[in-house]
Amino acid sequence: MSATLLLARHGQTVWHAENRYAGVSEVPLTDEGRDQARRLGRWAARTPIDAIWTSTVSRAIVTAEPAAMALNLVPQREYDLRECDFGVMEGRTLAELASEQPEAAAAFTADPVAHPFPAAEDPRAAALRGAAALRRIAREHDGARVLVVAHNTLLRLVLCELLSLPLRNYRRTFPALRNTAVSEIRLGHDECALLSLNVPCG
């Protein structure tokens, strides 16, 4: 059993343009983010894709719409692909936290898994739920190619989980997934191969 999953981060939002954590907050795409979604749609039109899945957060759903139209597919939604809840950091920047709570910011920077933001979701739990969601999708689409539109931190944690990399290093190992860039993995029952990382869609 294996499937090829094409993992894409959603388009730019009004908070990401200022490097603010969006997390589970509903934040609209910018004009650039909508352009990125259209580029992802054009890329999808020339790429073999059998199914589309998104998180239940609106910025991921909207990003996937042009691809779904190009492929005449109905995207399916998975709650466990939602972004991490960043607690007190929703809508704020790391620089703002550093100015107000320097010890919390320093601890997060040193080890974001052992010291997540105050009131935030446990990154280990997020990695497990996201990895389990991708495994379910792979089982449902055995032998197929699936576009999955989700979120920056969630996908980085999941990649570490699936590839047996230390979670605490997710920010260093994968500094950032660019908006609508695609990372390709082959996911089987007990193995995962990273085929490409952070490839621009156009």
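Scroll up to find the structure this text is about.
Parameters at a glance
Residues numbered from 1 in each chain as written. Predicted model: local features only at pLDDT ≥ 70, side-chain atom pairs only at ≥ 80, totals over all residues. Heavy atoms only, no water. Phe/Tyr/Trp six-rings, centres within 6.5 Å; stacked < 30°, edge-to-face > 60°. Helix = DSSP H or I, 4+ residues; strand = E, 2+ residues; numbered from the N terminus. Buried < 20%, exposed > 50% of the residue type's maximum accessible area, 1.4 Å probe, protein only. Axes fitted to C-alpha atoms, helices over the stretch in contact; angles between N-to-C directions. Parallel < 35°, antiparallel > 145°, perpendicular 65-115°, else oblique. Left-handed = near helix turned anticlockwise from the far one by under 90°. Contact = heavy atoms within 4.5 Å. 1 Å grid on protein atoms, 1.4 Å probe; cavity = no way out; pocket = protein on both sides within 12 Å on 5 of 7 lines; lining within 4 Å. Points joined across faces, edges and corners; volume = space filled by probe spheres on them. Nonpolar A, V, L, I, M, F, W, Y, C, P; charged D, E, K, R; others polar. Pairing = 2+ DSSP bridges.

### Here we look at the packing of aromatic side chains
Part 1 of the reasoning: If you walk through the whole model with that rule in mind, you get four aromatic pairs.
Part 2 of the reasoning: Between the aromatic rings of Phe86 and Phe117, the centroid separation amounts to 6.3 Å while the plane-to-plane angle is 70 degrees, which identifies the pairing as edge-to-face. You can see Phe86 sitting in the loop between strand S3 (76–78) and helix H3 (94–100) and its partner Phe117 sitting in the loop between helix H4 (102–110) and helix H5 (123–140), a full 31 residues away along the chain. The residues Phe86 and Phe117 share a single accessibility class, namely buried.
Part 3 of the reasoning: Pairwise contacts between aromatic rings join Tyr21, Phe86, Phe108 and Phe117 into one cluster.

### Remarks on the packing of helix H1 (residues 31–45) against helix H2 (residues 58–71)
Part 1 of the reasoning: At a closest axis distance of 7 Å, the pairing of H1 and H2 adopts a crossing angle of 30 degrees. With respect to their mutual orientation, H1 and H2 come out roughly parallel. In the packing of H1 onto H2, the handedness of the crossing is right-handed. Listed contacts from H2 to Ala37, Arg38, Leu40, Gly41, Ala44 and Ala45 of H1 are Val62, Thr63, Pro66, Ala67, Ala70 and Leu71.

### So, the layout of surface pockets
Part 1 of the reasoning: Of the pockets and cavities examined, the largest pocket occupies roughly 400 Å³.
Part 2 of the reasoning: Lining the largest pocket are 22 residues, with Arg9, Asn19, Tyr21, Asn152 and Arg156 sitting closest to its centre.
Part 3 of the reasoning: When grouped by side-chain class, the residues that make up the lining of the largest pocket number eight nonpolar, eight polar and six charged.

### Points about the pairing of strand S1 (residues 2–9)
Part 1 of the reasoning: Burial analysis of S1 places seven of its eight residues in the buried class, the great majority of the element.
Part 2 of the reasoning: For S1 and strand S5 (residues 182–188), the ladder comprises seven bridges, and the chain directions are antiparallel. Bridge pairing in S5 links Ala3 to Leu187.
Part 3 of the reasoning: With six bridges connecting them, S1 and strand S4 (residues 145–150) associate as parallel partners. Opposite Leu6, over in S4, you have Leu147 as the bridge partner.

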